[in-house]
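The chain contents come next:
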Amino acid sequence: MKSKNYIGKIKLIEKINHDVYKLDIQSSLNDCKSGQFVSVLCPNKTLRRPFSICDFDKENKILTILIKLKGEGTKYLSSLKEGDEINFIAPLGNCFEFFKDKNALLVGAGIGIAPMLFLKKEMNERNINNYLISGFKADEEVIEGSDETIVGGSVLDNIEKIIKEKNIDVIYSCGPIIVLKMLSQIAKKLNIPCYVAMERVMACSIGVCRGCIIKLVRDNKIDNFSVCKDGPVFKGEEVLWD
Ligand SMILES: Cc1cc2nc3c(=O)[nH]c(=O)nc-3n(C[C@H](O)[C@H](O)[C@H](O)COP(=O)(O)OP(=O)(O)OC[C@H]3O[C@@H](n4cnc5c(N)ncnc54)[C@H](O)[C@@H]3O)c2cc1C
Ligand code: FES
């Protein structure tokens, strides 16, 4: 589906932990997929702010995003009220690939859980076996919705054991780059495909400015790819991490 500029209305805004807000936005957007993101306009800011799609209610055309407070843009978004308008471009980027008969492990670290929750919902609708494990630094940072939540320790601590116990065939992840890198290395060692949703500071969000470039090794050669247009989902084994 082609991305477009939408003016949506806030249907619900809810504080879900000490610094994360859940925004339900109703607009005329009628389709999007997990892995994709939206780019939101904030007043007095030239650059739009990118946020993963955390849920989409097709019937009521309601899009959900989770906003973790960072700077001025996220502070503004957290101050919106029900009924306020919000200007965003959607749907942006590529999406996760599904495999009907494979057992999937979903790993969300911190706010990286946002696209994993949407992916889990889409897998459940297709009867694809999945297990979502998420990790947070402290109790006040926990976001609900996982099959297993780790607080304090690393989300990767028992990952090899879980992969073996649950006969995992494919991994999907979103979170800090170090988690994505280490998970991709574990997956490579175990010969399991691993899809990572990457984050980069973005300017245009539509593949024009080349500000969000990462390097991939594809077909035995190193090339530049934009996270906003070619991604944000990539195969972990292709990413040049260093
Ligand atoms: C594909 C993608 C998906 C994302 N999904 C989510 C999500 O679901 N929930 C969430 O809370 N955050 C998400 N982020 C991070 C979010 O975009 C930033 O936290 C946000 O832009 C910060 O804006 P600010 O004005 O509050 O902060 P400031 O630090 O004031 O921002 C200054 C500039 O840096 C950019 N920037 C700062 N941090 C990031 C970052 N981590 N990634 C990209 N750009 C950044 C801002 O867009 C802005 O242009 C995502 C980022 C990307 C690239
Ligand atoms: S942000 Fe401009 S090319 Fe990706």
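Residues numbered from 1 in each chain as written. Chains lettered and ligands numbered in written order. Predicted model: local features only at pLDDT ≥ 70, side-chain atom pairs only at ≥ 80, totals over all residues. Heavy atoms only, no water.

**Some details on helix α2 (residues 113–125)**
- With 13 residues, α2 extends 18 Å between its outermost C-alpha atoms, agreeing within 8% with the 18 Å of an ideal straight helix rising 1.5 Å per residue.
- The buried count for α2 comes to 10 of 13 residues, which makes it a mostly enclosed element.
- On its buried side, α2 packs onto β4 (49–52), β5 (55–57), β6 (62–68), β8 (104–109), β9 (130–136) and β11 (170–174).
- Asn 127 lies just past α2 and shows a positive phi near 55°. (Helix = DSSP H or I, 4+ residues; strand = E, 2+ residues; numbered from the N terminus. Expected span 1.5 Å × (residues − 1). Buried < 20%, exposed > 50% of the residue type's maximum accessible area, 1.4 Å probe, protein only. Contact = heavy atoms within 4.5 Å.)

**Overview of the nonpolar core**
- Counting residues in hydrophobic clusters, the biggest one holds 35 residues, and the most contacted among them are Leu 105, Ile 159, Ile 171, Met 198 and Phe 234.
- Contributions of two or more residues to this core are made by β7 (85–92), β8, β9, α3 (159–165), α4 (177–189), β12 (194–197) and β13 (213–218).
- Here this core spans two domains, and each of domain 1 (4–92) and domain 2 (104–238) adds at least three residues to it.
- Not counting chain neighbours up to four residues away, the residues in contact with Ile 159 comprise Leu 105, Val 107, Ile 133, Leu 183 and Ile 186. (Core = buried A, V, L, I, M, F, W, Y, C linked by side-chain atoms within 4.5 Å. Domains from an automatic or database assignment.)

**Side note on the sheet that holds β12**
- Taken in spatial order, the 6 strands line up as β10-β9-β8-β11-β12-β15 in an open sheet, and their pairing is mixed. Across the chains shown, the open sheet's two edge strands, defined by having one partner strand only, are β10 (148–151) and β15 (233–235). Neighbouring strand axes in the sheet, compared pairwise and without regard to direction, differ in orientation by 20° on average.
- Where β8 meets β9, 6 bridges bridge the pair, whose relative direction is parallel. Across the sheet, residue Ala 109 finds its bridge partner in β9, namely Gly 135.
- Contacting β8, β9 and β11, α2 crosses the sheet at an angle of about 155° to β8.
- Strand contacts of α4: β8, β11 and β12, with the helix running at about 170° to β12, the strand carrying the most contacts. (Pairing = 2+ DSSP bridges. Axes fitted to C-alpha atoms, helices over the stretch in contact; angles between N-to-C directions.)

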